[in-house]
Amino acid sequence: MEKTDKKTIHNYMVDFLITDSISAGDDVVLLRLTPADSNVMLRDMGIRPGQFVQVKTPGNATFLRRPISICYVDDATNQLWLLVRDAGNGSRAIMDSPINSVLNIILPLGNGFSIDKSGTSPLLIGGGVGVAPLLMLGAKLKEYGIKPTFLIGAKNRNSILLKNELSDIGETYVSTDDGSYGEKGLVTQNHILSNKFSSIYCCGPLPMMKAVAGIASSDNIFCEVSLENVMGCGIGACLCCVEKTIDGNVCVCKEGPVFNINQLLWHN
Amino acid sequence: MAQLGVKIGSLHLNNPVLTASGTFGYGEEFSDFINLDRLGGFIVKGTTLEPRQGNDYPRMVETPSGMLNAVGLQNKGVDYFIENIYPELTKYTSEIIVNISGSSVEDYAKVAEKLNELPRINAIEVNISCPNVKTGGMAFGTTASGAASVTKAVRNAFGKTVIVKLSPNVTDITEIARAVECEGADAVSLINTLMGMAIDVERQRPYLSTYTGGLSGAAVRPVAVRMVWQVHKAVKIPVIGLGGIMSGRDALEFILAGATAIEVGTANFINPKTTVEIIDYIDDYCQRHGVSDINQLIGII
Ligand SMILES: Cc1cc2nc3c(=O)[nH]c(=O)nc-3n(C[C@H](O)[C@H](O)[C@H](O)COP(=O)(O)OP(=O)(O)OC[C@H]3O[C@@H](n4cnc5c(N)ncnc54)[C@H](O)[C@@H]3O)c2cc1C
Ligand SMILES: Cc1cc2nc3c(=O)[nH]c(=O)nc-3n(C[C@H](O)[C@H](O)[C@H](O)COP(=O)(O)O)c2cc1C
Ligand code: FES
């Protein structure tokens, strides 16, 4: 999209050192990274929950960078958290990067969630690695004195991600496909959805987000979803990542990845 | 510091490094990473007479050492550009070149005529080679007569430097280059993307909504270098080389093959500082090779 307005947010290209790599389920790793140059302070970058980064895959595993959501930013330790799932060569190369190795990352990208629209009782729904951005979102909401509720969907009990971290922030409900943990079935079948919420923020597989959007719109609740369109540049330069909206084709990397469901043409 | 300035038509560039249309947005997207005023110039997104929504998603897929795209010239049209984007661009001191496209000869001429009025636009790049639109675009670029007719119309409408961007999707690119030289083009740039296709075998369907798209990135470089070398031998006007330039080394390959200037495209997505790194590399290269003026290197192969 044309972007000629004055810049308020800046992008940075930074070398990060991997400080921790924690296996988080069958095919997912939680990476903690810190800028190789200790003068680079993440808290000065104005990072918002729901924004993402573009990672240069190590060893040129892929030609293009790969977009990954910002899972959490720990200001105290100057650490960036990324939750990465094995989806192919690029994500695997990122996951397999050893501790102390360097990842070149462009950040922070995209718009992020509208925190100020949450109301007093937001529900944060994540499926698979889609829970990643909800950790930072939940933490920020809590900082503002708002109590978020989490609902996470997973295949089975071994693939539930960030359960402990989310539970520290708010009530956390789980749905698994096989019923091996929490309730059996889809997140949209979880009993917690019969409660009243002031807003819903959702990130996960497309069918899940569409189902959640359907519920939110029939209940007339503010709802934002985070899209994962395939990206070329991640910075609004190539126009490859477009989503059809009520305003025409817009770049998910720039105008998104977070969209209010009313902007999307999912119901047509 | 070697003398890096080059001349394209009446355009004087501080150095031979430009950006490729459609890969550099309107420049602004890169202002956090590089000082845009260090570039020889930047070529902005393809602009058409009317606004265009472009093709449906998905528009991109990664391929070995490259990518296929099918953006389809999404842009808000020349009037929007003139009113809303151009004023923002005038704050930069490097040359701003507008890439134009059309679905008829008249379209091209009308866009060129409007841009001719803008004092900071000293050159346009005429895209007769876009593989991603149904009518016009590449259709003009694949025959000598089509290329000639667009060049002639634009030449009449635009008083400053006219660069014609050639398609590699032809049997003999030198024939097209000669045709546009004859009609008064000041320079040619090449290559645009190579038409390609990729299929998702698990889902048994093409990756792109349009089935076919344009291949760019490192994968196309040897084809591009060959074509620049051939065209440099075939015409007298300057040649601007592009296609898969990822580094300073790659840029020099094009210069030695006959390019007076080069454009950096897809590489901007991977390393947004590629352009300025190339400028530094060229300067260093000249010093290492005892070259006082970049012009001494052009086309020595
Ligand atoms: C804004 C955003 C945030 C994301 N956040 C996360 C996250 O936090 N954790 C996580 O594990 N994954 C995340 N993803 C998805 C991740 O980017 C893809 O899984 C990854 O790019 C796949 O690349 P690959 O080389 O491993 O696999 P490939 O073999 O290249 O592709 C596997 C599948 O991944 C998708 N994909 C491929 N290339 C891209 C690309 N350049 N951009 C987007 N999708 C692509 C395609 O649908 C493809 O079918 C996010 C994607 C986006 C757009
Ligand atoms: C996403 C994308 C969009 C493009 N849009 C245009 C365009 O609008 N006009 C044009 O003349 N060329 C366009 N091109 C072609 C490039 O300018 C360039 O000719 C081509 O990508 C080869 O160079 P590269 O390998 O360095 O990218 C586009 C290329 C890409 C990858
Ligand atoms: S990925 Fe290039 S514009 Fe969004």
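Here is what the cut-offs are and how they apply
- Residues numbered from 1 in each chain as written.
- Chains lettered and ligands numbered in written order.
- Predicted model: local features only at pLDDT ≥ 70, side-chain atom pairs only at ≥ 80, totals over all residues.
- Heavy atoms only, no water.
- Contact = heavy atoms within 4.5 Å.
- Buried area = accessible area lost by both parts, 1.4 Å probe.
- Salt bridge = Lys/Arg side-chain N within 4 Å of Asp/Glu carboxyl O.
- Polar contact = N/O pair within 3.5 Å; in protein donor to acceptor, adjacent residues only side chain to side chain.
- Helix = DSSP H or I, 4+ residues; strand = E, 2+ residues; numbered from the N terminus.
- Near = heavy atom within 4 Å.
- Areas by Shrake-Rupley, 256 points an atom, 1.4 Å probe, with all protein chains shown as cover.
- Domains from an automatic or database assignment.
- Axes fitted to C-alpha atoms, helices over the stretch in contact; angles between N-to-C directions.
- Parallel < 35°, antiparallel > 145°, perpendicular 65-115°, else oblique.
- Left-handed = near helix turned anticlockwise from the far one by under 90°.
- Buried < 20%, exposed > 50% of the residue type's maximum accessible area, 1.4 Å probe, protein only.
- Nonpolar A, V, L, I, M, F, W, Y, C, P; charged D, E, K, R; others polar.

## Here we look at the interface of chain B and chain A
Next up, step 1: Contact residues are listed per partner, giving 41 residues for chain B and 34 residues for chain A.
Next up, step 2: The junction of chain B with chain A conceals about 3200 Å² of combined surface from both sides, 58% of it contributed by carbon and sulfur atoms.
Next up, step 3: Sorting the residues of chain B by area buried against chain A places Asp32(B), Tyr57(B) and Ile270(B) first, and these three jointly supply 21% of that buried surface.
Next up, step 4: Along the contact surface separating chain B from chain A lie two salt bridges.
Next up, step 5: Across the chain B-chain A interface, the total number found is 11 residue pairs in polar contact (both at pLDDT 80 or more).
Next up, step 6: For the side of chain B that touches chain A, the secondary-structure elements that each account for two or more residues are β5 (60-63), β6 (66-69), α1 (78-89) and α8 (267-270) of chain B.
Next up, step 7: Counting residues per element, the side of chain B that touches chain A draws most heavily on α1(B), which supplies four residues.

## Here we look at the site of ligand 1
Residue and element names in this part refer to chain A.
Next up, step 1: Around ligand 1 sit 21 residues, and of these Pro-67, Leu-83, Arg-85, Gly-90 and Ser-91 come closest.
Next up, step 2: Here Arg-66 contributes a side-chain N or O atom positioned 2.8 Å from an oxygen atom of ligand 1.
Next up, step 3: Within the contact set of ligand 1, an oxygen atom lies 3.1 Å away from a backbone nitrogen or oxygen of Gly-88.
Next up, step 4: Relative to its free-state accessible area of 860 Å², ligand 1 is covered by the protein chains to the extent of 79%.
Next up, step 5: Looking at the shell around ligand 1, the elements with two or more residues in it are β4 (66-69), β6 (79-85) and α1 (89-95).
Next up, step 6: Among the elements that make up the shell around ligand 1, the one with the highest residue count is β4 (four residues).
Next up, step 7: Both domains that meet at the shell around ligand 1, namely domain 1 (6-109) and domain 3 (227-268), each give it at least three residues.

## Points about the environment of Arg43(A)
Next up, step 1: In this fold, Arg43(A) is placed in the loop between β2 (28-35) and β3 (52-55).
Next up, step 2: Considering only alpha carbons, one finds Arg43(A) and Val73(A), 30 residues apart in sequence, at a separation of 8.1 Å.

## Points about the packing of helix α2 (residues 105-116) of chain B against helix α4 (residues 144-157) of chain B
Residues and elements named next belong to chain B.
Next up, step 1: α4 packs onto α2 with a crossing angle of 25 degrees between their chain directions and a minimal axis gap of 8 Å. Our classification of the angle between α2 and α4 gives roughly parallel. Two packed elements cross with a definite hand, and for α2 against α4 that hand is right-handed. Facing Val-105, Tyr-108, Ala-109, Ala-112, Glu-113 and Asn-116 of α2, the residues of α4 in contact are Ser-149, Val-150, Ala-153, Val-154 and Ala-157.

## Details of the pattern of salt bridges
Next up, step 1: Counted under the stated rule, the structure contains 16 salt bridges over all chains.
Next up, step 2: Linking Glu143(A) and Lys140(A) is a salt bridge whose minimum nitrogen-to-oxygen distance equals 3.8 Å. With Glu143(A) and Lys140(A) both in helix α2 (residues 132-143) and three residues apart, this pair spans about one turn of that helix.
Next up, step 3: Under the relative-accessibility criterion, Glu143(A) is labelled exposed at 57%.
Next up, step 4: Between Asp280(B) and Arg38(B) there is a salt bridge, with the nearest N and O atoms lying 2.8 Å from each other. Of this pair, Asp280(B) sits in helix α9 (residues 274-288) while Arg38(B) sits in the loop between β3 (17-19) and β4 (41-47), and the two are 242 residues apart along the sequence.
Next up, step 5: According to the relative accessible area criterion, Asp280(B) is partly exposed, its value standing at 42%.
Next up, step 6: In this structure Arg38(B) comes out as partly exposed when scored by relative accessible area, which is 35%.
Next up, step 7: Each of Arg221(B), Arg249(B), Asp250(B) and Glu253(B) takes part in a single network of salt bridges with overlapping partners.

## Considerations on the site of ligand 2
Next up, step 1: In the region of ligand 2, 22 residues are neighbours, and Ser21(B), Lys165(B), Gly217(B), Gly244(B) and Thr266(B) sit closest.
Next up, step 2: What surrounds ligand 2 is not a single chain but chains A and B.
Next up, step 3: In the environment of ligand 2, an oxygen atom lies 2.8 Å from a nitrogen or oxygen atom belonging to the backbone of Ser21(B).
Next up, step 4: At 3.2 Å, a backbone N or O of Gly265(B) approaches an oxygen atom of ligand 2.
Next up, step 5: Considering only residue class, the shell around ligand 2 consists of six nonpolar, 15 polar and one charged.

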